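If you want the building blocks of each chain, they are given just below.
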Amino acid sequence: MISRREFLQVVAATGAIFGASAPLAQLAAQQKITQQDLLGFTPFGNVTIAHLTDIHAQLKPIWFREPSINLGVGDAEGKPPHITGSDLLAYYKIAPGSPEAYALSSESFVALAREYGRMGGIDRIATVLNHIRAERPDNTLLLDGGDTWQGSYTSLQTKGGDMVEIMNALKPDAMTGHWEFTLGADRVTEIVDELPFTFLGANIFDNEWNEPAFEPVKMFERGGVKIAVIGQAFPYTPIANPRWMIPNWSFGIREDEIARQVSAARNNGAELVILLSHNGFDVDRKLASRVSGIDVVLCGHTHDALPAPLKVGNTLLIASGSSGKFVSRLDLDVKGGNVLDYRYRLIPVFSDVIEPDAEVAALVDKIRGPYQSDLTEVIGRTDSLLYRRGNFNGTIDDLFCDAMLEVRDAEIALSPGFRWGPSLLPGEEITREALYNACAMTYPTAYRTTMTGAFLKEVLEDVADNLFNPDPYYQQGGDMVRVGGLGYTIDPVKPIGKRISDMTLLKDGSAIDPSRAYTVTGWASINENAEGPPIWEVVETYLKAHPAVRIEQNDAVKVIGV
Amino acid sequence: MKEVTRRETLALGAAAGAAAMFAPYVAWAAVEEANALIAKFTGGKAATDGKITLQMPEIAENGSTVPLSVSVDSPMTKDNYVKRVIIVADGNPRPEVATFNFTPRSGVAEASTRMRLAKTQNIVAVAEMSDGSFHMTKRQVKVTIGGCGG
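Residue positions are counted from 1 within each chain, in the order its sequence is given. Here every chain gets a letter starting at A, and every ligand a number starting at 1, in the order they are written. Residue-level local features of this predicted model are given only where pLDDT is at least 70; pairs of side-chain atoms are given and counted only at 80 or more, and the full residue set underlies all totals for whole chains, interfaces and linings. To get the side-chain values, take all heavy atoms of the structure and skip hydrogens and water.

## Observations regarding the overall build of chain A
Argument step 1. For the purposes of this entry, the term helix denotes a DSSP run of H or I that reaches at least four residues, the term strand denotes a run of E that reaches at least two, and both are numbered from the N terminus. Broken down by element type, chain A carries 19 helices and 25 strands.
Argument step 2. It is over C-alpha atoms that the radius of gyration is taken, and the globule rule equals 2.2 Å times the number of residues to the power 0.38. A compact globule built from 562 residues would reach a C-alpha radius of gyration of about 24 Å, and chain A, at 23 Å, matches this within 12%.
Argument step 3. The dimensions of chain A, computed from C-alpha atoms along their principal axes, are 70 × 65 × 50 Å.
Argument step 4. Summary of the burial criterion: residues with accessible area below 20% of their type's maximum are buried, those above 50% are exposed, and those between are partly exposed, where the area comes from a 1.4 Å probe applied to protein chains only. Looking at chain A as a whole, 66% of its 562 residues are labelled buried.

Okay, structure coming up:
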């Protein structure tokens, strides 16, 4: 860990990535980042878009380490958001050790986390939004990209009710979704029917009659500009998540349908067309290159945070991160159906700098009140950094795999490559809240089964293709399934069936035998009939026996060819 | 016995003994068999790309019932219309999926149906026009285990 003094010495004053005010690094060197430095923005044009996405029910400030490995394939190779660590800092001219570096990269994460504190907190987000609205009362649209109602202990206990209550207080103008659907069709319908704003899903259709199941588009007028917001829910919800929970809804990318909605919106007088998307960044990049007439895509799902918009043709792609770390503000000058120019700021929500909004803070306390003793109960402690993001493994998942191998008595453990779940710093206590932040969901069953070596290979190949298919339309946006007790080599640029090799059973170093049956445990099965205890119970049981967690470096996955 | 789709078969965390139990030993149609069907349809003539559009999901949500829509750009007049469209799946045990017949009185050359997909494969649609020419298009539809998106 570097000291604050050393840290300040490496802070160099390069360009201000986050906007027009003084570089945060300079201010950090003077030890005086203020709320105004984070929110400062010279209002521009006639429309302001505020974008939030993938909050994953994080009401309180969190640590969140961005990935150090996030490979791009095909046309996305080496392009944002597939640039990480020091390469990312160099690409965006961000000073190492700066607040921007802490917020956007994995570099020196632990040291910088101790320096700059937690990020996010829905009460701080409320302050940011209040500020924007006060500055732009008649010009602002707030759009929520979804993955809002899932990801915490309280969201699980209240079936998303806590987030609905909070978001209603934040007053978004529209939202779309993904994990929302894992609450089941009945609960989603119940909530959506009562929402004071529109839940959009232009790509969701009734399975039987192929009729739209949700509002596809919503028209607004802000600053005298007619705005169409088209909603695109996560296209692969019934594939990546349990289809049995939403049996009557079909999703998909449905590029033709989006094109149809864009031209219908234009015909209805829309001067600005926004796609509020949960496609994932690479899918949106391809879509923007093929469907004309979209001015702005507000990207979500893949949890990328980009400090500047990425332009594809005339379309601006905005990536606003996850877990409440950022709020995007995009000011647009729209005239005669064209965006003439724009200003953008990815506002980092430094929780120690931005004052909580008192009203929303009180609402958070009210919501969490009944669960306070559950949330704060200490169930372990970690001596090493626990995080999830990364293409091949995360230390939280290493802990989960260790727990499943022991508690479920299996040779091999599989843990899904989710991208949500905050981090824990070395020395922190593991509370029940922290545990649930990594696994709170509606199909948590930790199953135990047998799989042949051949089938295990097929599983790895299948998931790898969902991540590394060179055509983004075939990608599902998660990371590689995490493995415990199993090692393998992966060549991401090979085709399906050829990426995975050298599968090894770690307990004895033997090569995986295609015809032998292995005892396998895992969680988050999309099957309706999975049997076993919920994953949090398994991890709690494990922590009772091993209360001090230390995750050693994991070399079980070897990456070649990139 | 209830038919088990590939997705159910492969779904991560399938019930005990999953893999060995299921894997259905069907002799998959070779791509050659699909090509032979197309050659028979065209009488050996070359089919050109364009004019025909096949709408299918990139990844099947449910391999046992995958929606499919085909349309051909044609004025559908007495002198210029689409006669037939064949749909072929090059990875199914029986590659012939459907043949749609049209006349000028059809008005438009469009049809929709649902099909079963045994595994990831290409779906080929070929249209025979009234002037004796052929147009084709191809689309890959993936059948995946799913369950890890995130």
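Read on, since the account is not over.
## Points about empty space enclosed by the protein
If a probe as big as a water molecule is rolled over the atoms, it shows which places are left empty.
Residues and elements named next belong to chain A.
Argument step 1. Cavities and pockets are found on a 1 Å grid laid over the protein atoms alone: a cavity is a set of points where a 1.4 Å probe fits but cannot escape, a pocket is an open set with protein on both sides within 12 Å along at least five of seven lines, and a lining residue has an atom within 4 Å of such a point. Grid points are joined across faces, edges and corners, and a volume is the space filled by probe spheres set on the points. Throughout the structure, instances matching the rule amount to nine cavities of 30 Å³ or more.
Argument step 2. In this structure, the largest cavity spans a volume of roughly 190 Å³.
Argument step 3. Along the walls of the largest cavity sit 20 residues, with His82, Asp282, Thr302, Arg419 and Gln475 positioned nearest its centre.
Argument step 4. The element contributing the most residues to the lining of the largest cavity is helix α13 (residues 281-290), with three residues.
Argument step 5. Ten residue types, Ala, Val, Leu, Ile, Met, Phe, Trp, Tyr, Cys and Pro, are classed as nonpolar, four, Asp, Glu, Lys and Arg, as charged, and the remainder, Gly among them, as polar. Here the lining of the largest cavity is composed, by residue class, of six nonpolar, 11 polar and three charged.
Argument step 6. Approximately 150 Å³ is the volume found for the second largest cavity.

## Notes on the layout of surface pockets
Argument step 1. For the largest pocket, the calculated volume is near 1,200 Å³.
Argument step 2. Lining the largest pocket we find 44 residues, and of these A:Arg254, B:Gln55, B:Met56, B:Pro57 and B:Pro67 sit closest to its centre.
Argument step 3. Those elements giving two or more residues to the lining of the largest pocket turn out to be β5 (205-206), α12 (255-267) and α13 of chain A together with β2 (52-55), β3 (66-72), β6 (109-115) and β8 (134-141) of chain B.
Argument step 4. Partitioned by chemical class, the residues of the lining of the largest pocket number 14 nonpolar, 14 polar and 16 charged.
Argument step 5. Counting only domains with at least three residues in the lining of the largest pocket, you end up with domain 2 (33-62 + 118-366) and domain 3 (377-559) of chain A. For each domain, the first and last residues come from an automatic or database assignment.

## Section: the sheet that holds strand β17 (residues 429-431) of chain A
All names here are of chain A.
Argument step 1. Strands pair, by our definition, only if DSSP identifies at least two bridges between them. With respect to topology, three strands assemble into an open sheet ordered β17-β15-β24, the strand pairing being mixed. If you trace the sheet from one side to the other, it starts and ends with β17 and β24 (548-549), each paired once.
Argument step 2. Of the strand pairs in this sheet, strand β15 (residues 378-382) and β17 are connected by three bridges, and their pairing is antiparallel. From the neighbouring strand, Arg381 faces β17, where its bridge partner is Glu429.

## Regarding the domain arrangement of chain A
All names here are of chain A.
Argument step 1. Partitioning chain A into structural domains gives domain 1 (1-32 + 71-115), domain 2 (33-62 + 118-366) and domain 3 (377-559).
Argument step 2. Contact definition: two residues touch when any of their heavy atoms are within 4.5 Å. At the junction of the two partners, domain 1 supplies seven residues and domain 3 supplies 12 residues.
Argument step 3. What gets called buried area is simply the loss in accessible area from a 1.4 Å probe that two parts show on being joined, summed for both. For the pairing of domain 1 and domain 3, the buried interface totals around 730 Å² over both sides, and the portion due to carbon and sulfur atoms is 73%.
Argument step 4. For this analysis, a salt bridge means a side-chain nitrogen from Lys or Arg found within 4 Å of a carboxyl oxygen belonging to Asp or Glu. At the surface where domain 1 touches domain 3, the tally comes to zero salt bridges.
Argument step 5. In terms of residue class, the side of domain 1 that touches domain 3 is made up of five nonpolar, one polar and one charged.

## Looking at the nonpolar core
Residues and elements named next belong to chain A.
Argument step 1. Working definition of a nonpolar core: buried Ala, Val, Leu, Ile, Met, Phe, Trp, Tyr and Cys residues. They are joined through side-chain atoms within 4.5 Å. Membership of the largest hydrophobic core comes to 118 residues, with the highest contact counts inside it found for Ile122, Trp149 and Phe181.
Argument step 2. The element contributing the most residues to this core is helix α7 (residues 122-135), with six residues.
Argument step 3. Beyond its immediate chain neighbours, meaning those up to four positions away, Trp149 contacts Ala57, Ser155, Gly160, Met163, Val164, Met175, Glu180, Leu183, Ile191, Val192, Leu195 and Phe199.
Argument step 4. If you look at the next biggest cluster of nonpolar residues, it comprises 40 residues, including Ile396, Cys401, Met404 and Ala446.

## Points about the environment of A:Tyr488
Residues and elements named next belong to chain A.
Argument step 1. With respect to the helices and strands, the residue Tyr488 is situated in strand β20 (residues 486-490).
Argument step 2. Each C-alpha atom, one on Tyr488 and one on Leu316, is 39 Å from the other, the two residues being 172 residues apart in sequence.
Argument step 3. In contact with Tyr488, not counting residues within four places along its chain, are Phe392, Leu460, Met480, Val481, Val483, Ile500, Ser501, Asp502, Met503, Ala556, Val557 and Lys558.

## Details of the side chain of A:Thr431
Residues and elements named next belong to chain A.
Argument step 1. By the secondary structure assignment, Thr431 is in strand β17.
Argument step 2. Contacts described as polar in this section are N or O atom pairs within 3.5 Å, which, within protein, must combine one atom able to donate a hydrogen with one able to accept it, while residues neighboring in sequence count only if both atoms come from side chains. A distance of 3.0 Å separates the side chain of Thr431 from the backbone nitrogen of Ala434, its partner in a polar contact.
Argument step 3. Beyond its immediate sequence surroundings of up to four residues, Thr431 is in contact with Leu375, Thr376, Glu377, Val378 and Ile379.

## A look at the packing of helix α16 (residues 395-407) of chain A against helix α19 (residues 535-545) of chain A
Residues and elements named next belong to chain A.
Argument step 1. Convention adopted: a line fitted to C-alpha atoms gives each axis, helices being fitted over their contacting stretch, and angles between N-to-C directions are expressed from 0 to 180 degrees. The interhelical angle for the contact between α16 and α19, taken along N-to-C directions, is 85 degrees, at an axis separation of 9 Å. By the angle class used here, α16 and α19 are roughly perpendicular. Seen from α16, the contacting residues are Leu399, Phe400, Asp402, Ala403, Met404, Glu406 and Val407; seen from α19, they are Ile535, Val538, Val539, Thr541, Tyr542, Leu543 and Ala545.
Argument step 2. Here the residues of the contact of α16 with α19 sort into 11 nonpolar, one polar and two charged. Reported orientations rely on four angle classes, namely roughly parallel under 35 degrees, roughly antiparallel over 145, roughly perpendicular from 65 to 115, and oblique for the rest.

## With respect to the pairing of strand β18 (residues 446-452) of chain A
Residue and element names in this part refer to chain A.
Argument step 1. Counting buried residues in β18 gives five out of seven residues, a clear majority hidden from the surface.
Argument step 2. Pairing of β18 with strand β23 (residues 517-523) involves seven bridges; the strand directions are antiparallel. Across the sheet, the residue bridging to Thr449 is Val520, located in β23.

## A short note on the state of the cysteines
Residues and elements named next belong to chain A.
Argument step 1. Cysteine sulfur pairs qualify as disulfides if the two atoms are within 2.5 Å. Using the criterion set out here, one finds zero disulfides over all chains in the structure.
Argument step 2. Counting only cysteine sulfurs, Cys401 is the nearest neighbor of Cys439, a cysteine outside any disulfide, at a range of 13 Å.
Argument step 3. Judged by relative accessible area, which is 0%, Cys439 ranks as buried.

## A short note on helix α9 (residues 161-170) of chain A
Residues and elements named next belong to chain A.
Argument step 1. Three or more residues of α9 are buried, namely Asp162, Met163, Val164, Ile166, Met167 and Leu170.
Argument step 2. Where the residues of α9 are buried, they touch β1 (47-52), α7, β2 (140-144), α8 (153-157), α10 (185-194) and α14 (358-368).
Argument step 3. Lys171 occupies a position one or two residues after α9 and carries a positive phi of about 55 degrees.

## So, the packing of α9(A) against α14(A)
Residues and elements named next belong to chain A.
Argument step 1. Axis separation between α9 and α14 bottoms out at 11 Å; the angle between their running directions is 170 degrees. Relative to α14, the element α9 lies roughly antiparallel. Taken together, the residues of α14 that come into contact with α9 (itself represented by Asp162, Glu165, Ile166, Ala169 and Leu170) are Val360, Leu363, Val364, Lys366 and Ile367.
Argument step 2. Among the residues making up the contact of α9 with α14, the classes are represented as seven nonpolar, no polar and three charged.

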